[in-house]
Protein chains: 4
Amino acid sequence: MIAVLKKKATEPQKQHLIEWFEMKGLKVHVSEGEFNTVLGIIGDTTELDTDMIGLLDIVESVKRISEPYKSANRQFHPENTSIKVQNAVIGDGELTIMAGPCSVESEDQIMTIAKAVKAAGATMLRGGTFKPRTSPYAFQGMRAEGIRLLKQAGDSVGLPIVTEIMNADHLEYFEDVDIIQVGARNMQNFELLKALGKVNKPILIKRGMASTIKELLMSAEYVMAGGNEQVILCERGIRTFETATRNTFDLSAVPVLKKLTHLPIIVDPSHATGKHDLVPPMSLAGVACGADGLMIEVHNQPEKALSDGPQSLRPEEFEALMARIIKVKEAIS
Amino acid sequence: MIAVLKKKATEPQKQHLIEWFEMKGLKVHVSEGEFNTVLGIIGDTTELDTDMIGLLDIVESVKRISEPYKSANRQFHPENTSIKVQNAVIGDGELTIMAGPCSVESEDQIMTIAKAVKAAGATMLRGGTFKPRTSPYAFQGMRAEGIRLLKQAGDSVGLPIVTEIMNADHLEYFEDVDIIQVGARNMQNFELLKALGKVNKPILIKRGMASTIKELLMSAEYVMAGGNEQVILCERGIRTFETATRNTFDLSAVPVLKKLTHLPIIVDPSHATGKHDLVPPMSLAGVACGADGLMIEVHNQPEKALSDGPQSLRPEEFEALMARIIKVKEAIS
Amino acid sequence: MIAVLKKKATEPQKQHLIEWFEMKGLKVHVSEGEFNTVLGIIGDTTELDTDMIGLLDIVESVKRISEPYKSANRQFHPENTSIKVQNAVIGDGELTIMAGPCSVESEDQIMTIAKAVKAAGATMLRGGTFKPRTSPYAFQGMRAEGIRLLKQAGDSVGLPIVTEIMNADHLEYFEDVDIIQVGARNMQNFELLKALGKVNKPILIKRGMASTIKELLMSAEYVMAGGNEQVILCERGIRTFETATRNTFDLSAVPVLKKLTHLPIIVDPSHATGKHDLVPPMSLAGVACGADGLMIEVHNQPEKALSDGPQSLRPEEFEALMARIIKVKEAIS
Amino acid sequence: MIAVLKKKATEPQKQHLIEWFEMKGLKVHVSEGEFNTVLGIIGDTTELDTDMIGLLDIVESVKRISEPYKSANRQFHPENTSIKVQNAVIGDGELTIMAGPCSVESEDQIMTIAKAVKAAGATMLRGGTFKPRTSPYAFQGMRAEGIRLLKQAGDSVGLPIVTEIMNADHLEYFEDVDIIQVGARNMQNFELLKALGKVNKPILIKRGMASTIKELLMSAEYVMAGGNEQVILCERGIRTFETATRNTFDLSAVPVLKKLTHLPIIVDPSHATGKHDLVPPMSLAGVACGADGLMIEVHNQPEKALSDGPQSLRPEEFEALMARIIKVKEAIS
């Protein structure tokens, strides 16, 4: 870490700051320039809060030389991480396609959709069971029973399953779940992340609506610091002033993340755009810029299932999209 | 709720939608116009998701006549809610001043600050104990021991205490806490909100960095729907492109909220701006636009306490600010 | 346009509003419902300001049935517009590749780059001549002389040229320019747009950093309303809280615009990301989601040309990218 | 300016960069540290583009010691600038109140409003004449005739006038205008700013919807660099995800700007919020945080004047607000 001190910093102030760094076990290299002092702070600076230091009265600027995340950092782990789930692998160069309904609604529904997405080429089955809903009066999901049905459907067609957790207390219900998802609203629920660091299952972390790419990596670091290195990142749109789409799909996050981390990155065009007719072009764009996979909402009866209609594809639309996805994947390989 | 259907909507499509509403126990009033159909949906529409309905292929636009929050809605509860905490009252027209350090660090520290803020006129003592930190490697707070010290300090000077909770599992440690705070990052941690709906203590909910004012009210509704009507709202800045301040302090939220809800509203200029020299002017602005109170960071030894220095006031600065706050409060009363 | 009136609207208030619409030459169809009044406003409502009407005290909600742009609207012009420039065509299904340096710096520089991009497969030559610079002390471009050199280079390799205009007074210098570009900062410089509506040349309008997709269309409408229907739209990133990229590249704008308008849409990954290593993946993503073309910065001596180094590709990088672009284009065709 | 170079920077690369700075007439002080090289660049660095330098491959970080604006910088001009307009002074410690209609509509209208705002205590008369409208089909203002009527009304009640310019070609019509306003959409219309740098009248620059505080200062610098040092800044809301208000009123910009510049700062709660009931509380907040003045929309017949109704105050509301404004101003003085 480099800290450039202001000209006006007094000797005692400088000394105080240097001692504070040394107290933290760091070595400080002082370079007195003609019109400023530059401190080079050497050692494990991951615990330091750059923002805080930068706001100190005597500090002109501060810059990390090494990023505050270690386990997730590609610098210390140049090889891509690939994560094995049953017979599927995420991050090995092949595309992972997680498809399924927004919510598990019934045995029939999830069975029908599971068969359809498997036939079309999906590699994992997704479905909401514990649902984060803005309104306390809205349907909160089938919860434990939903997981049971999802698992049963996944098993019957031979697809691993992925579903979202909202609270560490629910972990007991997630035993049969193959990948545990952390939703955008819980990306900085640090207590949940800590608990998932103790679990021996892959964790898929969705980027928060107002979270930077670096904050997403810090959330991955929370899980990894606990001992669980099987983390998958997911870009699903950020909140901006534009209202033509539900969120603004920040696809540049894919190549940015590829450079910073060795973890697999998937993208979710269904939630990012909120509109089913935008899902196909944005899925292709996600593949083209290098994502390791896609998460796509598919339902069988949009005209009956009001709740997840607008952003879901019909099975036949999904099948047509899969054919195009494969072509684009080949084109960039 | 009013739904305007598209011209192209077929009779069976309309019928299907109307039946769907009726199935939900709602009454639908159909108005066939020259070039469109308007549905008036009557009954308890709080469970309906406007966004979802608006995205349906046959729907041109949809608008709630009544807001999706009931308990928090000023329409159904025109009087201001005031919340009693020991001998302090929040929302009764007097200003509530919650002051104290970012983090409780030691018995000495919190005692010294408690005395100082009490002497300057604060009405509550705040202090972080369970800390939400972006980095897993950063100090996570004194936790239960911090609450014990905060309580002890509050008791000794006669101030109620407020501190943040991060997980419902920690509730056992919060027995002596007067007001439980939900941080910005947990504003949509719905499982936590549900648990706090069962608690018999005031809950202070901070607005999320990317949350709209309406979403803040929906989070209040989660707590109130559980039976706990003692909710205090807090504006603490939203995330925008501007980097001159840590967040963008959205003070207009105060009069907007005053119109929509009967709940008390306080503002936090310390976290919103992230810079101590901006805290005084923005505190005065908060009072001037009608906030019920302020949450202000105060520490005694900024030169020792690196972690909360930049945005904290020294006791003497806080005292000087209190005098100005009182003048502005009188001017608008 | 549909206006839903509030329950509390009095008869005289309603009558006043209806008369106001009629005064504007519109027909109003009143539908009195059980608990509200809905006005259907028929006629040319493009001059009405929905925001203003929606903020009236007696109006609950207002919604356009038809968009406020007419000439740019795909509804009234279902076929794609394609624009011919010399022997290049934009919007005919083939990709348009506009490549060249950020700024024209010298005869040598622009000649060398022109040859390189032509050889690699570019279809147009771009280069800044009148430069919009944040600082009054920064290099403001070679201006008229820059256009002369750009034209000479374009002619010598057989590529049409595109460069940015900042003021209608400079139009005299743009006689030899094939496509006139309006920069992001001037997207709502309405006086400039009006002047360009009188010009018989294609106009390329870049989306403003804080402009919605609909506002971009309204700016196109300004030019078209003046009689010039040769408009090309360009997505080049919007301003958000994320700082990992210079702007946030809103690629979803491509399929959204394809639905709303018949005008060609190109994307500019160089300005959107601000980093040369992100240009290749985001170019491929742009092609994959359906853009009609790309605008890419290429320079020959990045180590000498400090000003446009960071986001520019070297000729050999551009050549390698072109090969990949062609593959992705084939994959989606 | 301080540039920290990356460890991997080679000696020739460093030398090349140093020479480039020296070529610009700057002195470079090299400090070779144990694990990095820090360049201190001394001299007039206002022409350098920090962003560009920061993106160079060999540069780790770059930070200005001095800001890129000189004339607007408080560091070089510690005293507040106050601007005299007829018998009014802006920035001398007294509040400036610019009030009037959104648009000048008729002689009667502007006369009636001028009398009302003068009687209530306004110190300047505002009114739109050349109107920047999103739609080419909307009313574009009374233009030159509007200025004539505004001037006549101002003269008759003894108030200086302020109105917006959209194009330097219109300057001839602005001879009688006391303060020329640059609207938010033209804040980075650099050609217009340059032209206004040659004018001998105060220029009021509104912050762009997606412009940072520093960019606003750079726009002021454009005018000042041309020789016109009479610049007034105006905060009028920025664009964010929140839709409860038209824009997000960034009042913290006032104390931030007070620190960075000596220029007067006014705020516009009418455009920032877009709702008349939010204008009074946010006006008081603006005064409380230290603004030099307010710009407030007032109209006489909101029920007739559909176009500027929603955000305008009636004369009697404005009068009541003035009384409260005076009290808050006294409280903070």
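This section reports on the structure supplied with the text. Remember, predicted model here, so these are calculated numbers, not experimental data. (Residues numbered from 1 in each chain as written. Chains lettered and ligands numbered in written order. Predicted model: local features only at pLDDT ≥ 70, side-chain atom pairs only at ≥ 80, totals over all residues. Heavy atoms only, no water.)

With respect to the relation of the copies chain D and chain C
- The operation relating chain D to chain C is a screw motion whose rotation component is 180°, with 0.0 Å of axial translation and a residual RMSD of 0.1 Å. As the rotation angle and translation indicate, the two copies are arranged about a two-fold axis. Among all C-alpha atoms of chain D, that of D:A210 lies closest to the rotation axis, at 2.6 Å.
- Interface overlap between copies: 100% of the residues of chain D at the interface are likewise at the interface in chain C, consistent with a symmetric, same-surface contact. (Least-squares fit on C-alpha atoms with pLDDT ≥ 70 in both. Contact = heavy atoms within 4.5 Å.)

Some remarks on the interface of chain A and chain B
- Of the residues lining the interface, 53 residues belong to chain A; the matching set on chain B comes to 52 residues.
- Interface area for chain A against chain B, summed over the two sides, is near 4,800 Å², with a carbon-plus-sulfur share of 57%.
- At the junction of chain A and chain B, the tally comes to four salt bridges.
- Between A:R143 and B:E191 there is a salt bridge, and its shortest N-O distance comes to 3.7 Å.
- Applying the counting rule to chain A against chain B returns 16 residue pairs in polar contact (both at pLDDT 80 or more).
- Counting only elements with at least two residues in the side of chain A that touches chain B, the list comes to α1 (11–23), α2 (50–54), α5 (190–196) and α6 (213–225) of chain A. (Buried area = accessible area lost by both parts, 1.4 Å probe. Salt bridge = Lys/Arg side-chain N within 4 Å of Asp/Glu carboxyl O. Polar contact = N/O pair within 3.5 Å; in protein donor to acceptor, adjacent residues only side chain to side chain. Helix = DSSP H or I, 4+ residues; strand = E, 2+ residues; numbered from the N terminus.)

Details of helix α3 (residues 107–120) of chain B
All names here are of chain B.
- Between the first and last C-alpha of α3 there are 20 Å, a value that for 14 residues agrees with the 20 Å anticipated at 1.5 Å per step.
- Those residues of α3 that fall on the buried side of the exposure criterion are Q109, I110, M111, I113, A114, V117 and A120.
- The elements touched by buried residues of α3 are β7 (96–100), β8 (124–126), α4 (143–157) and α10 (315–332).
- Positive backbone phi, approximately 115°, marks G121, located one or two places after α3. (Expected span 1.5 Å × (residues − 1). Buried < 20%, exposed > 50% of the residue type's maximum accessible area, 1.4 Å probe, protein only.)

Section: the packing of helix α9 (residues 279–288) of chain A against helix α9 (residues 279–288) of chain C
- Look at α9(A) against α9(C): their axes get within 8 Å of each other, and the N-to-C directions meet at 155°. The angle between the axes of α9(A) and α9(C) places the two elements in the roughly antiparallel class. Seen along the crossing, α9(A) lies across α9(C) with a hand that is right-handed. Residues A:P281, A:L284, A:A285 and A:A288 of α9(A) pack against C:P281, C:L284, C:A285 and C:A288 of α9(C).
- For the contact of α9(A) with α9(C), the per-class residue count stands at eight nonpolar, no polar and no charged. (Axes fitted to C-alpha atoms, helices over the stretch in contact; angles between N-to-C directions. Parallel < 35°, antiparallel > 145°, perpendicular 65-115°, else oblique. Left-handed = near helix turned anticlockwise from the far one by under 90°. Nonpolar A, V, L, I, M, F, W, Y, C, P; charged D, E, K, R; others polar.)

What to know about the nonpolar core
- Formed by 310 residues in total, the largest nonpolar core has its most connected members in A:F318, B:F318, C:F318 and D:F318.
- With near-sequence residues (within four places) excluded, A:F318 lies in contact with A:I97, A:A99, A:V117, A:A120, A:A122, A:I296, A:V298 and A:L313. (Core = buried A, V, L, I, M, F, W, Y, C linked by side-chain atoms within 4.5 Å.)

Topic: the interface of chain D and chain C
- Contact with chain D, which involves 52 residues of that partner, is made by 52 residues of chain C.
- Across the interface of chain D and chain C, roughly 4,700 Å² is buried in total on both sides, 57% from carbon and sulfur atoms.
- Among the salt bridges present, the one from D:E215 reaches C:R239, with a minimum N-O distance of 2.6 Å.

A look at the sheet that holds strand β4 (residues 59–63) of chain D
All names here are of chain D.
- Strands sit in the order β2-β3-β1-β4 across an open sheet of four strands; the sheet is antiparallel. In this open sheet, the two strands that pair with only one neighbour each are β2 (27–32) and β4. On average, each strand axis in the sheet is inclined to that of its neighbour by 20°, with strand direction left out of account.
- Sitting on the sheet, helix α1 (residues 11–23) touches β1 (2–5), β2, β3 (37–42) and β4, and the angle it makes with β2 is about 155°. (Pairing = 2+ DSSP bridges.)

A look at unusual backbone geometry
All names here are of chain C.
- Notably, Q86 is not glycine yet its phi reads approximately 50°, a positive angle.
- Mapped onto the fold, Q86 is located in the loop between β5 (83–85) and β6 (88–90).
- Positive phi, normally seen in glycine, also occurs at R143, with a value near 55°.
- Following the sequence through the fold, R143 ends up in helix α4 (residues 143–157).

Observations regarding the packing of aromatic side chains
- Scanning the entire structure with this criterion turns up 16 aromatic pairs over all chains.
- Here the aromatic rings of C:F190 and C:Y222 are separated by 4.7 Å at their centres, their planes lie at 20°, and the arrangement is stacked. With C:F190 in helix α5 (residues 190–196) and C:Y222 in helix α6 (residues 213–225), this pair connects stretches of sequence that are 32 residues apart. With respect to burial, C:F190 and C:Y222 carry one shared label: buried.
- With a centroid separation of 6.0 Å and 25° between ring planes, the pair formed by D:F130 and D:Y173 is classed as stacked. Placement of D:F130 in the loop between β8 (124–126) and α4 (143–157) and of D:Y173 in the loop between β9 (161–165) and β10 (179–182) is noted, with a sequence separation of 43 residues between them.
- The class of D:F130 is buried, set by a relative accessible area of 2%.
- Among the aromatic residues, those joined into a ring-pair cluster are A:F130, A:Y173 and A:F174.
- The positively charged end of C:K70 is found above the aromatic ring belonging to D:Y137, 4.5 Å away from the centroid. (Phe/Tyr/Trp six-rings, centres within 6.5 Å; stacked < 30°, edge-to-face > 60°. Lys NZ or Arg CZ within 6 Å of the ring centre and 35° of its normal.)

Notes on the pairing of strand β1 (residues 2–5) of chain C
Residues and elements named next belong to chain C.
- Both faces of β1 are covered, namely the face carrying I2 and V4 and the face carrying A3 and L5.
- Where β1 lies against strand β3 (residues 37–42), four bridges are found, and the strand directions are antiparallel. Bridge pairing in β3 links I2 to G40.
- Where β1 and strand β4 (residues 59–63) come together, four bridges link them in antiparallel fashion. Within the sheet, the bridge partner assigned to L5 lies in β4 and is V59.

Section: the relation of the copies chain A and chain B
- Superposing chain A onto chain B requires a rotation of 180° together with a translation of 0.0 Å along the rotation axis, leaving an RMSD of 0.1 Å.
- Of all interface residues in chain A, 98% are interface residues in chain B too; the two copies therefore contact each other through one and the same surface.

Details of the pairing of β7(B)
Residues and elements named next belong to chain B.
- Judged by how many residues are buried, β7 sits mostly within the fold: five of five residues are covered.
- Here β7 shows no split at all, with T96, M98 and G100 on one side and I97 and A99 on the other all buried.
- As defined by bridge partners, β7 adjoins strand β14 (residues 293–297) across five bridges and the pair is classed as parallel. If you follow T96 over to β14, its bridge partner there is G293.
- Summarising the sheet, β7 and β8 pair through two bridges and their orientation is parallel. Following the sheet pairing, M98 is matched in β8 by M124.

Notes on a negative patch on the surface
- Judged by side-chain charge, A:D169, A:E172, A:E175, A:D176, B:D169, B:E172, B:E175 and B:D176 come together as a negatively charged surface patch.
- By the element assignment, A:D176 lies in the loop between β9 (161–165) and β10 (179–182).
- For A:D176, a relative accessible area of 44% puts it in the partly exposed group. (Patch = residues over 30% accessible without salt bridge, like charges linked within 9 Å, V, L, I, M, F, W, Y side chains within 5 Å. Areas by Shrake-Rupley, 256 points an atom, 1.4 Å probe, with all protein chains shown as cover. Lys, Arg positive; Asp, Glu negative; His and termini not counted. Charge placed at Lys NZ, Arg CZ, Asp CG, Glu CD.)

Let's talk about the sheet that holds β4(C)
All names here are of chain C.
- Pairing in this open sheet of four strands is antiparallel, and the strands run β2-β3-β1-β4 from one edge to the other. Of all strands in the sheet, those bounded by a partner on one side alone are β2 (27–32) and β4. Taken pair by pair, the neighbouring strands of this sheet meet at an average axis angle of 20°, ignoring direction.
- Sheet strands in contact with helix α1 (residues 11–23) are β1, β2, β3 and β4, and its direction is about 155° off that of β2.

Some points on the pattern of salt bridges
- The full count for this structure, using the stated rule, is 56 salt bridges over all chains.
- Between A:D155 and A:K151 there is a salt bridge whose closest N-O contact spans 3.2 Å. You can see A:D155 and its partner A:K151 sitting in helix α4 (residues 143–157), four residues apart, about one turn around the helix.
- A:D155 gets classed as partly exposed once you look at its relative accessible area, which sits at 48%.
- The closest approach of N and O atoms between A:R207 and C:E242, which form a salt bridge, is 2.7 Å. Linking A:R207 in the loop between β11 (203–206) and α6 with C:E242 in the loop between β12 (231–235) and α7 (253–260), this pair reaches from one chain into another. Like C:E242, A:R207 is buried.
- When salt bridges with common partners are traced through the structure, they connect A:R207, A:E235, A:D250 and C:E242 into a single cluster.

Details of α4(B)
- Taking 1.5 Å per residue, 15 residues should reach 21 Å; α4(B) reaches 22 Å between its end C-alpha atoms and fits that length.
- Restricting attention to buried positions, one finds in α4(B) the residues B:G146, B:I147, B:L149, B:L150, B:K151, B:A153, B:G154 and B:V157.

Some thoughts on the state of the cysteines
- For the coordinates displayed, the defined rule picks out zero disulfides over all chains.
- Of all cysteine sulfurs, the one in C:C289 lies closest to A:C289, which takes part in no disulfide; the gap is 9.8 Å.
- Judged by its relative accessible area of 5%, A:C289 is buried.
- For the unlinked cysteine C:C102, the closest cysteine sulfur is that of C:C234, found at 14 Å.
- Residue class for C:C102 comes out buried when judged on its relative accessible area of 9%. (Disulfide = S-S within 2.5 Å.)

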